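If you want the building blocks of each chain, they are given just below.
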Amino acid sequence: MSAPQSFDELFQGSAPWWQGEGPHADMVLSTRIRLARNLRDVPFTHRARDEQLHGVLASVTHAVGSSSLLQGGLMLKMQDCSPIDRQVLVERHLVSHELGDGARPRGIYVAPDDRVSIMVNEEDHLRLQSLTPGFQLAEAWALADATDDELDRTLEYAFSDEIGYLTACPTNAGTGLRASVLIHLPALVLLEEIQRVLKSIMQVGLNVRGLYGEHSEIMGNLFQISNQTTLGRSERDSIESLERVTKQIIETEERARERMLRDARTQLEDKVWRAYGTLRYCRSIQAKEVINLCSAVRLGVAMGLEGLCPLRVVNELLVLTQPAHLQRAAGTEMAPPERNIRRAQVVRERLAAAEHETRDTHS
Amino acid sequence: MLCQICGKNPASVHFTEIHDNKMSEIHVCERCAEEKGMHTPAQQHKFEIADLLAGMVDSMTHTEEERVGHVQCPRCGLLYSSFKETGRLGCADCYTAFQFQLRPLLRRIHGDTHHRGKAPVRGQESVSSTRTIQRLHDELQRAVEREEFERAAQVRDEIRKLEAERQAAVREGGRS
């Protein structure tokens, strides 16, 4: 865990959650905590002048530089990044679509512990985030909380005793907390039980979104579950209720998987291996198809089918086959049909490399 | 969950609608959302807050609504009517300037209007220690409920220590 020192290093390196380690990593890809904070003396981002936003970037740079915990990371200013580089950051879940537009003085700071980053001048001046592998809400909260405390030594946050942390949108006021888990629920989808589960998640005040956050499409049986409200409940309460519900969902999915294995083992294995075969030998493929096929392979790996690739490779494929990653790696812009050919090549090569590794360790 | 409009695609766009003071959640797919003109995050964002607000001002008379719309934040100059359009406040002081309008809105969004989480330490020591003590009391109660008596004793000692420190600080402040 060392901070990248340039965009290139960041691009070449892997994200912490790719390793496929951490509790329940075969089902929960990552756990994220986000805290929304604003500086007391500057209007919120959308009402601030550009020079005020430059001031916020400078204040955050100063604050991280004064903290022994946070200094030595990488500050990337969006206006200095090319559109493709900005999109790479979005595909890595490091920055939001809003931050990625590059139109205003915005930035992202990746801390030395690269599970921690800070978006600057998003909807709120600061969006602190921690992204940990697998299902580990307590760890993710500890990281975000410590980062928040460090910045609080230098920055004066907008805060009121009654309402808590003041945010541009009243939906985030209070704790400014969004805790979320990215969870893979293929068995519940296949057995058509997912709607009942999603409905009950929403009934207890939690929110469900797709892979790429707010308003994104649900793909690859991947669901992002998060708390909805931020006022009237402590961070700990919000996190505990998400933890409780996630545990129940994990159990429900586990039971569904066991049932599938018992009643339809052959069909299931067939589905998994057909997906693997398509990925291993395709010659042109769309990003969405990769995500959906990876879902089947991930299920196979999680259920212990022999001969598939490690979980790490499935995670990598999800990100490396996204449009900006493909184009950045190729060093050139590509039209969608060209990208589909290139994507197929990347997928085949990764899987072939993984097969070699497995053979080497077995021989 | 399937889209409530076409009933075919999975619903991935969610929003809250208010009619006659009744709140309902609507879940639709990307395509239908686009067709209904609520596709982009910014637009949808606006839609949610605008809708919440629309439901609330329904109960006001026209003149009342006009008066409220003209309330302005003395610091950043944002009019309440602009907040109603964009769903975003202008600065920290807007929360005070629009407090009477915001309180019912916050209650609708969160079901509550009082913060119960962490607080900044910097420049707010007194607020912070009060809050920490309050939080510890909550924790104490939870520990007792769960019969985690060892933890409860730890928390109790922590509360006593903080209260003693706070009283010492008050005495100190009184002398200077």
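None of these values were measured; they are calculated from a predicted model.

Along its length, chain A carries 11 helices and 10 strands. Over its C-alpha atoms chain A spans a radius of gyration of 21 Å, differing by no more than 12% from the 21 Å that the globule rule assigns to 363 residues. Looking at chain A residue by residue over its 363 residues, the buried ones come to 53%. Taking all contacts inside chain A whose residues are at least 6 apart in sequence as the whole, residues at least 24 apart take part in 69%.

On the chain B side, the residues contacting the 42 residues of chain A number 36 residues. At the level of secondary structure, the elements contributing two or more residues to the side of chain A that touches chain B comprise β6 (159-160) and α6 (194-203) of chain A. Looking at the side of chain A that touches chain B element by element, the count peaks at 3 residues for α6 of chain A. Class assignment of the residues belonging to the side of chain A that touches chain B gives a composition of 14 nonpolar, 16 polar and 12 charged.

Residues and elements named next belong to chain A. The antiparallel open sheet is built from 8 strands, whose spatial order is β2-β3-β4-β5-β1-β8-β10-β9. Two strands bound the open sheet, and with one partner strand each, they are β2 (74-77) and β9 (206-209). Adjacent strand axes in the sheet meet at a mean angle of 20 degrees, parallel and antiparallel pairs treated alike. When β2 meets strand β3 (residues 107-110), the two strands line up antiparallel, connected through 4 bridges. The residue of β3 that forms the bridge with L76 is I108. Relative to the sheet, helix α4 (residues 137-152) contacts β1 (28-37), β4 (116-120), β5 (126-133) and β8 (177-184), its axis offset from that of β5 by approximately 150 degrees.

All right, on to the environment of N340 of chain A then. Residues and elements named next belong to chain A. Inspection of the secondary structure puts N340 in helix α11 (residues 336-362). Spatially, the C-alpha atom of N340 lies 32 Å from that of Y109, the residues being 231 residues apart in sequence. For N340, the residues in contact, after removing those within four places along its chain, are S284, I285 and Q286.

For the rest of this paragraph, the subject is helix α7 (residues 235-281) of chain A. Every α-helix winds through 3.6 residues per turn, so residues three or four apart in the chain are directed the same way. A rise of 1.5 Å per residue sets the reference length of α7 of chain A, with its 47 residues, at 69 Å; its end C-alpha atoms lie only 47 Å apart and thus fall more than 12% short of the reference. Residue A264 of chain A marks the point of greatest curvature in α7 of chain A, where the axis turns by about 105 degrees.

With that out of the way, let us pick up the pairing of β5 of chain A. All names here are of chain A. With 8 of 8 residues buried, β5 is to be regarded as a mostly interior element. Burial of the side chains of β5 extends over both faces: L126, L128, S130 and T132 are buried on one face and R127, Q129, L131 and P133 on the other. Bridge count between β1 and β5: 8 bridges; the pairing is antiparallel. Residue pairing across strands places R32 opposite L131, the latter belonging to β5. The hairpin turn running from β4 into β5, its antiparallel successor, is 5 residues long, and N121 in that turn takes a positive phi close to 60 degrees.

Alternating positions in β3 of chain A separate into two faces, G107 and Y109 of chain A on one and I108 and V110 of chain A on the other, with burial throughout. Adjacent in sequence and paired antiparallel, β3 of chain A and β4 of chain A are bridged by 5 residues.

So, on to the environment of L188 of chain A. Looking at where L188 of chain A falls in the secondary structure, it is placed in helix α5 (residues 186-190). When the C-alpha atoms of L188 of chain A and I291 of chain A are compared, they prove to be 17 Å apart, with 103 residues separating the residues in sequence.

We now examine helix α8 (residues 287-302) of chain A. Residue and element names in this part refer to chain A. Helix length check: α8 (16 residues) gives 22 Å between terminal C-alpha atoms against 22 Å at 1.5 Å per residue, within 8%. The element α8 is largely enclosed, with a buried count of 12 among its 16 residues. Among all positions in α8, only E289, V290, L293, C294, S295, A296, V297, R298, L299, G300, V301 and A302 are buried. Following α8 by one or two positions, G304 has its phi on the positive side, about 80 degrees.

Now for the nonpolar core. Looking at soluble globular proteins, one finds that nonpolar side chains tend to be buried together. Ranked by size, the top nonpolar core spans 122 residues in total, and within it V60, I108, I183 and V297 of chain A carry the most contacts. Once you skip the residues sitting within four places of it in the chain, V60 of chain A turns out to touch Y109, I118, V120 and L126 of chain A.

It is worth spelling out the packing of α8 of chain A against helix α9 (residues 311-320) of chain A at this point. Residue and element names in this part refer to chain A. It is the contact of α8 with α9, at a shortest axis distance of 10 Å, that shows an interaxial angle of 165 degrees. The angle between α8 and α9 falls in the class roughly antiparallel. When the axes of α8 and α9 are compared, the crossing they make is left-handed. Contact residues: V290, I291, C294, V297, R298 and V301 in α8; L311, V314, L317 and L318 in α9. For the contact of α8 with α9, the class distribution of residues is 9 nonpolar, no polar and 1 charged.

On average, chain A scores 92 in pLDDT, and the residues at 70 or more come to 97%. Per-element confidence in chain A is highest for β1 of chain A, whose mean pLDDT is 97, and lowest for β9 of chain A, whose mean pLDDT is 88.

Bringing the environment of V297 of chain A into the picture now. Residue and element names in this part refer to chain A. One can find V297 in helix α8. Its 24 C-beta neighbours within 10 Å are what place V297 among the buried residues. In sequence terms V297 and K77 are 220 residues apart; their C-alpha atoms lie 37 Å from each other. Those residues within four positions of V297 in sequence are excluded, and the remaining contacts are V272, A275, Y276, L279, L308 and V314.

With that out of the way, let us pick up the confidence of the model for chain B. Residues and elements named next belong to chain B. Per-residue confidence for chain B averages 74 on the pLDDT scale, and 60% of its residues sit at or above 70. By mean pLDDT, helix α2 (residues 41-57) is the weakest element of chain B at 54, and helix α5 (residues 94-97) is the strongest at 95. Predicted confidence is poor over residues 18-22, with pLDDT under 50, and the contacts of this stretch with residues over four places away or in other chains come to 6 contacts. Interface predicted TM-score (ipTM) for the complex: 0.88; the corresponding pTM is 0.79.

Each value, and the rule that gives it
Residues numbered from 1 in each chain as written. Chains lettered and ligands numbered in written order. Predicted model: local features only at pLDDT ≥ 70, side-chain atom pairs only at ≥ 80, totals over all residues. Helix = DSSP H or I, 4+ residues; strand = E, 2+ residues; numbered from the N terminus. Rg over C-alpha atoms; globule rule 2.2 N^0.38 Å. Buried ≥ 20, exposed ≤ 12 C-beta atoms within 10 Å, placed from the backbone. Contact = placed C-beta atoms within 7 Å. Nonpolar A, V, L, I, M, F, W, Y, C, P; charged D, E, K, R; others polar. Pairing = 2+ DSSP bridges. Axes fitted to C-alpha atoms, helices over the stretch in contact; angles between N-to-C directions. Expected span 1.5 Å × (residues − 1). Bend = angle between axes of the 7 residues up to and from the residue. Core = buried A, V, L, I, M, F, W, Y, C linked by C-beta atoms within 7 Å. Parallel < 35°, antiparallel > 145°, perpendicular 65-115°, else oblique. Left-handed = near helix turned anticlockwise from the far one by under 90°. pLDDT = per-residue confidence, 0-100.

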